[in-house]
Amino acid sequence: MATVEIVPSVLPADFSRLGEEAVALEEAGVDRIQWDVMDGRFVPNLTFGPDVIAAVRPHVSVPFEAHLMVEHPEELLHRYVEAGCELVILHAESTIHLHRALTMVADCGGKAAVALNPSTPAEAVRDVLDLVDMVLVMTVNPGFGGQAYIASMEPKVAQVAEMIAASGHAVDIEVDGGISPKTIAGAAGAGANILVAGSALYKDPEGLKHAVADLRERAEAAYSQRAGSAA
Ligand code: DX5
């Protein structure tokens, strides 16, 4: 059974103190940090360039992942690996040559992952499972934090899990968008072992550490129950 991981999206963080915010997330017990990279074209928002991530990199030791919500990701994916992102997530919808783009991530020393927007079927990743360490199933339409969880994506998570099991490749499933104490069990119970949360972490009145521990406990309970029933 894969390890459950809780991964913060830093979109809700204080951008004037990103280094300190990353330290606070590491101290709160997150497993990695996700950087939501947006180009204003693939999604209607603009966020982090590689230099911002490189500036934060020396302040913490947790792994970084870059979620590239950009057009033509081939043109800049290498810069996010160079900035210190161990994993680079490409959207299946963002390039004509997904297979080649994922191979480019590995060629420049990174681990590759593929993301699916809500309207993109699971089939889109069937033929690249040998190239990725992770499949990300979006449970919001990408571009902004604080959106409502799209529960109708849960069957897609389960379908991706079945495809991965049939492929024989060890591939994690990540879910991102609207994850909260109320929604995380549905995502983990469908088969996601890596859960991204932004607003839910920062909204917890008891602070980041409590939020991370609470989400982890809920996810582990649901994920292990599913694994138990699937056995
Ligand atoms: C949306 C981003 C998500 C989002 C998560 O485009 O990819 O990571 O910020 O934030 P919450 O958890 O607030 O939905």
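Preceding this section is the structure that the text describes.
Rules of the game
- Residues numbered from 1 in each chain as written.
- Predicted model: local features only at pLDDT ≥ 70, side-chain atom pairs only at ≥ 80, totals over all residues.
- Heavy atoms only, no water.
- Helix = DSSP H or I, 4+ residues; strand = E, 2+ residues; numbered from the N terminus.
- Contact = heavy atoms within 4.5 Å.
- Areas by Shrake-Rupley, 256 points an atom, 1.4 Å probe, with all protein chains shown as cover.
- Pairing = 2+ DSSP bridges.
- Axes fitted to C-alpha atoms, helices over the stretch in contact; angles between N-to-C directions.
- Buried < 20%, exposed > 50% of the residue type's maximum accessible area, 1.4 Å probe, protein only.
- Arc of directions from axis to C-beta.
- Near = heavy atom within 4 Å.
- Polar contact = N/O pair within 3.5 Å; in protein donor to acceptor, adjacent residues only side chain to side chain.
- Nonpolar A, V, L, I, M, F, W, Y, C, P; charged D, E, K, R; others polar.
- Right-handed = clockwise from strand over helix to strand, strands pointing away.
- Phe/Tyr/Trp six-rings, centres within 6.5 Å; stacked < 30°, edge-to-face > 60°.
- Lys NZ or Arg CZ within 6 Å of the ring centre and 35° of its normal.

Chemist: Mind showing me how you'd approach the overall build of the chain here?
Modeler: Assigned secondary structure in the chain consists of 8 helices and 8 strands. C-alpha extents for the chain along the principal axes are approximately 45 × 45 × 30 Å. The long-range share in the chain, meaning contacts at least 24 apart out of those at least 6 apart in sequence, stands at 65%. A total accessible area of about 9900 Å² is found for the chain, and carbon and sulfur atoms account for 52% of it.

Chemist: Help me out: how do you make sense of the sheet that holds strand β3 (residues 64-69) in this one?
Modeler: Working definition: the strands of a sheet are paired by backbone hydrogen bonds and lie parallel or antiparallel to each other. Strand order in this open sheet of 8 strands is β1-β8-β7-β6-β5-β4-β3-β2, and the pairing throughout is parallel. Either end of the sheet is taken by a strand with one partner, and the two such strands are β1 (5-8) and β2 (33-38). The mean angle between the axes of side-by-side strands here comes to 25°, regardless of whether they run parallel or antiparallel. When strand β6 (residues 134-138) meets strand β7 (residues 172-176), the two strands line up parallel, connected through 5 bridges. When the sheet's bridge partners are listed, Val135 is paired in β7 with Ile173. Relative to β7, helix α5 (residues 154-167) is tilted by about 165°, and along the sheet it contacts β5 (111-116), β6 and β7.

Chemist: What exactly am I supposed to notice about helix α1 (residues 18-27) here?
Modeler: Each full turn of the α-helix corresponds to 3.6 residues, which orients residues three or four apart in the same direction. For α1, every residue scored as buried is listed here: Leu18, Gly19, Glu21, Ala22 and Leu25. When α1 is viewed along its axis, its buried side chains cluster within an angular range of 160° and face the same direction. Facing away from the buried side of α1 by more than 90 degrees, the exposed set consists of Glu20 and Glu27. Just downstream of α1 lies Gly29, where phi reads positive at about 95°.

Chemist: What am I meant to see in the site of the ligand here?
Modeler: Lining the immediate environment of the ligand, one finds 19 residues, of which Gly143, Asp176, Gly178, Gly198 and Ser199 sit closest. Between an oxygen atom of the ligand and a main-chain N or O atom of Gly143, the distance comes to 2.7 Å. When the free accessible area of the ligand is taken as 380 Å², the share hidden by the protein chains comes to 100%. With 3 residues, β2 is the largest single contributor of residues to the shell around the ligand. Class assignment of the residues belonging to the shell around the ligand gives a composition of 7 nonpolar, 10 polar and 2 charged.

Chemist: Hey, could you run me through the pairing of β2 in this one?
Modeler: A regular strand places its side chains on the two faces of the sheet in alternate fashion. In terms of burial, β2 is a largely internal element, 6 of the 6 residues being buried. Residues Ile33, Trp35 and Val37 point to one face of β2 and Gln34, Asp36 and Met38 to the other, with burial holding for every one of them. Relative to β3, β2 is paired through 6 bridges, and the arrangement is parallel. Looking at the pairing, Val37 lines up with Leu68 of β3. Viewed along the sheet, the connection from β2 through helix α2 (residues 50-56) into β3 turns out right-handed.

Chemist: Got a minute to help me understand the packing of aromatic side chains in this structure?
Modeler: In this description, an aromatic ring pair is defined by two values, namely the gap between the centres and the angle between the planes. Taken as a whole and assessed by the stated rule, the structure comprises 3 aromatic pairs. Measuring from centroid to centroid gives 5.2 Å for Phe15 and Phe48, while their planes differ by 50°, and the two rings are tilted. Taken together, the residues span a long stretch of sequence, with Phe15 in the loop between β1 and α1 and Phe48 in the loop between β2 and α2 at a distance of 33 residues. What makes Phe15 partly exposed here is its relative accessible area of 42%. Relative accessible area serves as the criterion here: at 5%, Phe48 is assigned to the buried category. On the numbers, 5.1 Å between centres and 90° between planes, the contact of Trp35 with Phe48 is edge-to-face. Of the two residues, Trp35 sits in strand β2 while Phe48 sits in the loop between β2 and α2, which places them 13 residues apart along the sequence. Like Trp35, the residue Phe48 is buried in the burial classification. Counting every residue linked through ring pairs, the aromatic cluster contains Phe15, Trp35, Phe48 and Phe64. Between the NZ or CZ atom of Arg57 and the centre of the ring of Phe64, over which it lies, the distance is 3.7 Å.

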